[in-house]
Amino acid sequence: TTLEKYPNLEWVVYRGHGTDHVNLNLCKKYNVGVIPTKPSAETDSCAHWMKDKLVDVKTLIFGNGAISKRLQELINNYDVIDSKTKVDQISDKYQNTVACVPLNKSTENMFNYDLFSSSKCRIFVSISRARCHDNQSLLWLVNEGKVQEMHIDILGSYGRKKLIKTGKIHYYKHTSWKYIENKNPHDHTELKDIIDSCLSNDVSNAVLNRTERKFF
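Attention here is on the structure that accompanies the text. Values in this document were obtained by computation on a predicted structure and should not be read as measured data.

## Quick notes on the pairing of strand 6 (residues 121-126)
- With respect to burial, strand 6 is a largely interior element, 5 of its 6 residues being buried.
- Pairing of strand 5 (residues 96-99) with strand 6, which is carried by 4 bridges, proceeds in the parallel orientation. Looking at strand 6, one finds that valine 98 is bridged to valine 125.
- Where strand 6 and strand 7 (residues 147-152) come together, 5 bridges link them in parallel fashion. Pairing of isoleucine 123 across the sheet is with glutamate 149, part of strand 7.
- A crossover links strand 6 with its parallel partner strand 7, the connecting element being helix 6 (residues 135-143), and its sense is right-handed.

As structure tokens, this is what we get:
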């Protein structure tokens, strides 16, 4: 593994949202800390991408991370459910549903038929990872008219062609992060600050901390 090749590695700085592409268990085994950056330009772009897909009605947002919080600044009339709260069904008072949850054991296949079975959802918008969606359920939902339209940034390969063929499920090939073509110079400053804090072993907001080894 990469960690075996670089035994002196102390920190992994992961640029982007979420850490599901980082093997946290392996990093913990080798005492390697993990800290993600949350580039503000990409956060803003993802939030605007979602906002522009929604209609002006009551919205339910799943997840309360950086992108969700930015979306909350852009829209009105919404409620938020964090990714740790279990929800069996979406109330019929919400006509927009937004997925901003990270991928973990509790959110895998979270967006399924049962969740939407009692809803009157007009629009479902998701920037969550592909494995957060149950693709077979998505097909049933649009075919039965329980969800009128879906905009999904990352869509798994299983049944993808059938989903797109409905004309009601729109797949964006993970492009929401560059929806707004602007670069924020503060992103580079933030990244430099994080690297400096790793070098001094004075890191805050790490996803996985490491133990400083002391040699005498």
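## Overview of a nonpolar patch on the surface
- On the surface, Val13, Ile195 and Leu199 cluster together to form a nonpolar patch covering roughly 270 Å² of accessible area.
- On the secondary structure map, isoleucine 195 appears in helix 8 (residues 185-199).

## Here we look at the sheet that holds strand 7
- The strand order across the open sheet formed by 6 strands is 4-3-5-6-7-8, and the pairing between neighbours is parallel. Where the open sheet ends on each side, the last strands, each with one partner, are strand 4 (78-81) and strand 8 (169-171). Between one strand and the next, the sheet's axes are offset by a mean angle of 15 degrees, whatever the strand orientation.
- Sheet strands touched by helix 3 (residues 40-51): strand 5, strand 6 and strand 7. Its angle to strand 6, the strand with the most contacts, is close to 165 degrees.
- Of the strands in this sheet, strand 3 (59-62), strand 4 and strand 5 are in contact with helix 4 (residues 66-74), which crosses strand 3 at around 160 degrees.

## Brief notes about the nonpolar core
- Residues Phe62, Phe111, Phe116, Phe124, Leu138 and Met150 are the most contacted members of the largest nonpolar core, which totals 25 residues.
- Counting residues per element, the ones that place at least two in this core are strand 3, helix 5 (113-116), strand 6, helix 6 and strand 7.
- Broken down by element, this core gets its largest block of residues, 4 residues, from helix 6.
- Leave out the neighbours within four places in its chain, and phenylalanine 62 touches Ile81, Val87, Ile90, Thr97, Val98, Ala99, Cys100, Val101, Met110, Phe111 and Leu115.
- Within the second largest apolar cluster, 14 residues are counted, among which are Trp49, Leu54, Ile123 and Val125.

What counts, and at which threshold
Residues numbered from 1 in each chain as written. Predicted model: local features only at pLDDT ≥ 70, side-chain atom pairs only at ≥ 80, totals over all residues. Heavy atoms only, no water. Buried < 20%, exposed > 50% of the residue type's maximum accessible area, 1.4 Å probe, protein only. Helix = DSSP H or I, 4+ residues; strand = E, 2+ residues; numbered from the N terminus. Pairing = 2+ DSSP bridges. Right-handed = clockwise from strand over helix to strand, strands pointing away. Patch = residues over 30% accessible without salt bridge, like charges linked within 9 Å, V, L, I, M, F, W, Y side chains within 5 Å. Areas by Shrake-Rupley, 256 points an atom, 1.4 Å probe, with all protein chains shown as cover. Salt bridge = Lys/Arg side-chain N within 4 Å of Asp/Glu carboxyl O. Axes fitted to C-alpha atoms, helices over the stretch in contact; angles between N-to-C directions. Contact = heavy atoms within 4.5 Å. Core = buried A, V, L, I, M, F, W, Y, C linked by side-chain atoms within 4.5 Å.

What is shown is where atoms sit, not what they do.
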